[in-house]
Amino acid sequence: MIATSPPAVPLAASGSSSMLMPLVGIAVVLVLIAAFWWGSRRVARRRRPVGPVQPPAATRREEGTR
């Protein structure tokens, strides 16, 4: 008996479903870029503390001492 291989079956989807995956990939990339941009804007708009900026306690010098 001679062994024969099964008939060839295409692995790629045909029709409109083959265009769906690249569009989903592009949409995911756009959402990630937009989220990064929006997050960067939020961080840049954070309110700075009101009042004078004080150095950390370890670097402050006591008044009257040198």
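Residues numbered from 1 in each chain as written. Predicted model: local features only at pLDDT ≥ 70, side-chain atom pairs only at ≥ 80, totals over all residues. Heavy atoms only, no water.

Asker: Describe the overall build of the protein chain, naming the residues involved and giving the relevant values.
Answerer: Counting its secondary structure elements, the protein chain contains 1 helix and 0 strands. Within the span of the protein chain, comprising 66 residues, buried residues form 0% of the whole. Carbon and sulfur atoms make up 66% of the accessible area of the protein chain, which totals about 7,200 Å². (Helix = DSSP H or I, 4+ residues; strand = E, 2+ residues; numbered from the N terminus. Buried < 20%, exposed > 50% of the residue type's maximum accessible area, 1.4 Å probe, protein only. Areas by Shrake-Rupley, 256 points an atom, 1.4 Å probe, with all protein chains shown as cover.)

Asker: Please set out the packing of aromatic side chains residue by residue, giving values where relevant.
Answerer: In the structure shown here, the tally under the stated rule is 0 aromatic pairs. Lying across the ring of Trp-38, Arg-42 places its NZ or CZ 5.2 Å from the centre. (Phe/Tyr/Trp six-rings, centres within 6.5 Å; stacked < 30°, edge-to-face > 60°. Lys NZ or Arg CZ within 6 Å of the ring centre and 35° of its normal.)

Asker: Talk me through a nonpolar patch on the surface; I want residue IDs and the actual numbers.
Answerer: A surface patch of nonpolar side chains, amounting to about 430 Å² of accessible area, comprises Met-19, Leu-23, Ile-26 and Leu-30. Summarising the element assignment, Leu-30 is placed in helix H1 (residues 17–44). (Patch = residues over 30% accessible without salt bridge, like charges linked within 9 Å, V, L, I, M, F, W, Y side chains within 5 Å. Salt bridge = Lys/Arg side-chain N within 4 Å of Asp/Glu carboxyl O.)

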